[in-house]
Amino acid sequence: MLGTAFRTGSPNWLDLGSPDTEAAATFYAAVFGWRIASAGPDTGGYAFFQVEGKTVAAIGPLTEEGAASAWTVHFKTDDIGATVQAVRDGGGTVRAEPMDVMGEGMLAHVTDAQGADFALWQPGRTAGFELASAPNSLIWVELHVADPVADLAFYQGLFGWRSQDMPVPGMTYRVLSTEDGELQDTTFGGVAPADDDAPSGGGHSRWVPYFHVEDVDATVGATRSHGGSVLMPAADMPDVGRMAWLADPFGAVFALLKPDPRM
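Residues numbered from 1 in each chain as written. Predicted model: local features only at pLDDT ≥ 70, side-chain atom pairs only at ≥ 80, totals over all residues. Heavy atoms only, no water.

### Here we look at the sheet that holds strand β11 (residues 171-177)
What counts here: A pair of strands is labelled paired if DSSP reports no fewer than 2 bridges between them. Numbering of helices and strands runs from the N terminus, with a helix taken as a DSSP run of H or I at least four residues long and a strand as a DSSP run of E at least two residues long. Only the stretch in contact is used when a helix axis is fitted, and all axes are lines through C-alpha atoms; the angle between N-to-C directions ranges over 0 to 180 degrees.
One open sheet holds the 8 strands; their spatial order is β10-β11-β12-β9-β13-β16-β15-β14, and the pairing between them is mixed. Two strands in the sheet have a free side with no partner beyond their single neighbour: β10 (162-168) and β14 (229-237). Averaged over all pairs of adjacent strands, the angle between their axes in this sheet comes to 25°, without regard to strand direction. Pairing geometry for strand β13 (residues 206-212) and strand β16 (residues 253-259), over 3 bridges, is parallel. Considered in β16, the bridge of histidine 212 is made with leucine 257.

Structure, rendered in structure tokens:
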């Protein structure tokens, strides 16, 4: 599962763009118990979600014209200029060119060849989030696209990711690991086909963050009671754990996972 010993291609940051950051922060505080810490007066309302003083994610206002509320997964790069060029070479698009974020790191917003948005983070003073795979923090990221094989080739061109096929009922799921390190120790996410039967429906290409929770059913209930919606009810996945897909009051999609203790 995810950790904070970031390698090239690891997820190393996660943030939420919302049309109402105050209301969204209140929702996630109720669902996950997150505390909010401002990133400072010069950051345009950007703030950190924290668990026991450690940053697990962040939130900020929507900045792109026509953008909808969504979680954005960031991946580590050691050369953001080269990675941005690889995005273009692979058929993706660059929505925001690399920019320095007050010395904390270099940031770029991009879209893959099948329309899934993500971001690149080249660490400066900030390596990434400070807690992962613990309760109420990011534990897994999952890509849903129409053609998983083709999109996996796109990301391999960027990061050199390795993948392992895992048959599940009705499809082949592809488990992702970084290019370097022991295969099992560097697993961080997976790729699944996006179709009308996916929890979010409509075959929409997207990255979905999974948060570790101790009680999936209680968290589903908290989501409902605070204005969110349930896209896939809580269910047990053999050899994986109990999971659910949800959306916050502004439509941002996220998922829950209580891992099988044998994992």
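### Structural notes on the pattern of salt bridges
The condition is simple: What counts as a salt bridge is simple: a side-chain nitrogen of Lys or Arg found within 4 Å of a carboxyl oxygen of Asp or Glu. Partly exposed describes any residue whose relative accessible area lies between the buried limit of under 20% and the exposed limit of over 50%, with all areas from a 1.4 Å probe on protein chains only and scaled to the type maximum.
In this structure the tally under the stated criterion is 8 salt bridges. Close ionic contact of aspartate 78 with lysine 76 constitutes a salt bridge, the shortest N to O distance being 3.8 Å. Close ionic contact of aspartate 117 with arginine 95 constitutes a salt bridge, the shortest N to O distance being 3.4 Å. Taken together, the residues span a long stretch of sequence, with aspartate 117 in strand β8 (residues 117-123) and arginine 95 in strand β6 (residues 93-100) at a distance of 22 residues. Overall, aspartate 117 belongs to the partly exposed group, its relative accessible area being 38%. What makes arginine 95 partly exposed here is its relative accessible area of 29%. Each member of the salt-bridge network shares a partner with another, and the members are Glu64, Arg95 and Asp117.

### Focus on the sheet that holds strand β3 (residues 47-51)
A sheet is described by the order of its strands in space; here 8 strands give the open sequence β2-β3-β4-β1-β5-β8-β7-β6, paired in mixed fashion. The strands lining the two open edges of the sheet, one partner per strand, are β2 (35-38) and β6. When the angles between neighbouring strand axes are averaged without regard to direction, this sheet yields 25°. Two strands pair when backbone bridges link them, and β2 and β3 are joined in this way by 4 bridges, in the antiparallel orientation.

### Some details on helix α1 (residues 21-32)
Going by this rule: Each helix should span, by expectation, one fewer than its residue count multiplied by 1.5 Å. The directions from the helix axis to the C-beta atoms form the arc being described.
End to end, α1 covers 16 Å across 12 residues, agreeing with the expected 16 Å (1.5 Å per residue, within 8%). Of all the residues in α1, the buried ones are Ala24, Ala25, Phe27, Tyr28, Val31 and Phe32. Considered in projection along α1, the buried side chains sweep an arc of 160° and stay on one side of the axis. After α1 finishes, the residue glycine 33 shows a positive phi value of roughly 75°.

### A word on the nonpolar core
Short version of the rule: Side-chain atoms within 4.5 Å link the members of a nonpolar core, which is a set of buried Ala, Val, Leu, Ile, Met, Phe, Trp, Tyr and Cys residues.
Tyr28, Trp71, Phe118 and Trp207 are the most contacted members of the largest nonpolar core, which totals 58 residues. A total of 6 residues in this core trace back to one element, the largest contributor, which is α1. One finds Ile139, Tyr173, Ala192 and Leu257 within the second-largest nonpolar core, a separate group that totals 13 residues.

### Details of helix α2 (residues 80-89)
Operational definition: In this description, contact between two residues means that some pair of their heavy atoms is separated by no more than 4.5 Å.
All buried positions along α2 are accounted for by Ile80, Thr83, Val84, Ala86 and Val87. Viewed end-on, α2 has its buried residues packed into an arc of 155°, placing them on one side of the element. Elements in contact with the buried residues of α2: β6, β7 (105-111), β8 and α3 (148-159). Glycine 91 occupies a position one or two residues after α2 and carries a positive phi of about 95°.

### A look at the pairing of β11
Across the 7 residues of β11, 5 count as buried, placing the element largely inside the fold. For β10 and β11, the ladder comprises 7 bridges, and the chain directions are antiparallel. If you follow methionine 166 over to β11, its bridge partner there is tyrosine 173. Sheet topology note: the β11/strand β12 (residues 187-193) ladder contains 4 bridges and is antiparallel. Paired with leucine 176 across the two strands is glycine 189, which belongs to β12.

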